[in-house]
Amino acid sequence: MVVETKKSLGQHWLHDPASLQAMVDAADVQPGQTVLEIGPGTGTLTEYLLAAGARVVALEFDQDLLPGLQNRFEGDANFSLVHGDIRTFNLIELPAGYKVVANIPYYLTSNLVQLLSESSNPPACAVLLIQKEVAERACAQPGNMSILSITTQFYWQASLGPLVPAALFTPPPKVDSQILILQGRPEPLFPDVEPRAFFRLVKAGFSQKRKTLLNSLSGGLNLDKVTTNQLLSRAEVPPTSRPQSLTLQDWYRLLRAQSTANR
């Protein structure tokens, strides 16, 4: 039976066996592990996750898809179907060490990365099939950094998996997709940093990203340029730098310099 997609929900069904298996392999799904699948759709990825022995919690927002999913996997003790929205779903209900594997709507990506990152019960890893350009942005290096890439790399060891051409989806999206692999860090990148303070500084730096860091930080932090210049000097960051050129270590030194100045 053909299931109609809803453009408003960004639905594109993936049926390519190699791509589906690549997602399961990227997450290193082992028998007995709990996997949260966000937006299972018609259940093509679900089938591969169950075949790997995972206990699948399938979270589907579109209630019209629930009967088909229930019928397809009825009787499988490892399958649990939940009607809900990941943006309001309580991740605390999942066992520690769970994994996320999902083909998600493009519009959800940044919100989802932030949600998983800041959760008090984050997954051990997340394998997300998303827009190729956004996957590349998440893994960007200094020179092309953004708030998304800084958030992603602050919390995760991020890497790119296989490219998935648009033609492999039904209906085909307008752009290609790529598998984004997020491995949880065994220890925080900066153990002595309070994340909210770190990202408050980052957002101030990106408040006028076309300007130099001296100007954007001055405006974003509501500081005069002399004080801002002193802050940058203590952190050993050139005032003519652009925010997208900074490393995470640069932002860390800036935060330490700011903390010292505020004492």
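Presented here is an overview of the structure given in this document. (Residues numbered from 1 in each chain as written. Predicted model: local features only at pLDDT ≥ 70, side-chain atom pairs only at ≥ 80, totals over all residues. Heavy atoms only, no water.)

## A look at the overall build of the protein
The helix and strand tally for the protein stands at ten helices and nine strands. The principal-axis extents of the C-alpha atoms in the protein amount to approximately 65 × 35 × 30 Å. Evaluated residue by residue, the protein yields a buried proportion of 48% over its 263 residues. A separation threshold of at least 6 residues defines the contact pool for the protein, and within that pool the share at least 24 residues apart is 65%. Positive and negative charge centroids in the protein, built from 22 and 23 side chains respectively, lie 13 Å apart. (Helix = DSSP H or I, 4+ residues; strand = E, 2+ residues; numbered from the N terminus. Buried < 20%, exposed > 50% of the residue type's maximum accessible area, 1.4 Å probe, protein only. Contact = heavy atoms within 4.5 Å. Lys, Arg positive; Asp, Glu negative; His and termini not counted. Charge placed at Lys NZ, Arg CZ, Asp CG, Glu CD.)

## Looking at the nonpolar core
Leu 36, Ile 86, Leu 128, Phe 198, Trp 251 and Leu 254 are the most contacted members of the largest nonpolar core, which has 53 residues in total. With six residues, the single largest contributor to this core is helix α10 (residues 248-262). If we skip the residues at most four places from it in the chain, Leu 128 touches Val 100, Ala 102, Ile 104, Leu 112, Val 113, Gln 178, Ile 179, Leu 180 and Leu 182. Grouped together as the second largest cluster of nonpolar side chains are 26 residues, Ala 27, Val 56, Val 127 and Val 164 included. (Core = buried A, V, L, I, M, F, W, Y, C linked by side-chain atoms within 4.5 Å.)

## As for the packing of helix α4 (residues 109-118) against helix α6 (residues 147-155)
The geometry of α4 relative to α6 is characterised by a closest axis approach of 10 Å and an angle of 30° between their N-to-C directions. In terms of orientation, α4 and α6 fall into the roughly parallel class. Along this stretch, α4 crosses α6, giving a crossing that reads as left-handed. Mapping the contact onto sequence places Ser 110, Val 113, Ser 117 and Glu 118 in α4 and Leu 148, Thr 151, Thr 152 and Tyr 155 in α6. The residue makeup of the contact of α4 with α6, split by class, is three nonpolar, four polar and one charged. (Axes fitted to C-alpha atoms, helices over the stretch in contact; angles between N-to-C directions. Parallel < 35°, antiparallel > 145°, perpendicular 65-115°, else oblique. Left-handed = near helix turned anticlockwise from the far one by under 90°. Nonpolar A, V, L, I, M, F, W, Y, C, P; charged D, E, K, R; others polar.)

## A short note on the pattern of salt bridges
Considering all chains together, one arrives at six salt bridges under this definition. Arg 72 is the salt-bridge partner of Glu 47, the closest N and O atoms lying 2.8 Å from each other. Here Glu 47 is found in helix α2 (residues 44-51), whereas its partner Arg 72 is found in helix α3 (residues 66-72), with 25 residues between them in sequence. The class for Arg 72 is partly exposed, based on a relative accessible area of 38%. Here Asp 192 makes a salt bridge to Arg 256, at a shortest N to O gap of 3.2 Å. Taken together, the residues span a long stretch of sequence, with Asp 192 in the loop between β9 (177-184) and α7 (195-205) and Arg 256 in helix α10 at a distance of 64 residues. Asp 192 gets classed as partly exposed once you look at its relative accessible area, which sits at 43%. A residue is classified by how much of its surface remains accessible, and Arg 256, at 38% relative accessible area, is partly exposed. (Salt bridge = Lys/Arg side-chain N within 4 Å of Asp/Glu carboxyl O.)

## Brief notes about the packing of α6 against α7
Close contact between α6 and α7 brings their axes to 11 Å; oriented N to C, the two are set at 155°. The angle between α6 and α7 falls in the class roughly antiparallel. Pair α6 / α7 crosses with right-handed handedness. For the pair α6 and α7, the contacting residues are Ile 147, Ile 150, Thr 151, Phe 154 and Tyr 155 in the first and Pro 195, Phe 198, Phe 199, Val 202 and Lys 203 in the second. Residues that form the contact of α6 with α7 fall into these classes: eight nonpolar, one polar and one charged.

## Quick word on the sheet that holds strand β2 (residues 34-38)
On the basis of which strands lie adjacent, the open sheet formed by seven strands has the order β4-β3-β2-β5-β6-β9-β7 and mixed pairing. The outermost strands of the open sheet, each flanked by one partner alone, are β4 (79-83) and β7 (156-164). Put simply, the sheet's adjacent strands are angled 20° from each other on average, direction ignored. Here β7 runs beside β9; their pairing, made up of seven bridges, is antiparallel. Residue pairing for β9: Ala 158 is matched across the bridge by Leu 182. Relative to β9, helix α1 (residues 17-26) is tilted by about 10°, and along the sheet it contacts β5 (99-103), β6 (125-131), β7 and β9. Across the sheet, α6 is in contact with β7 and β9; its angle to β7 comes to roughly 115°. (Pairing = 2+ DSSP bridges.)

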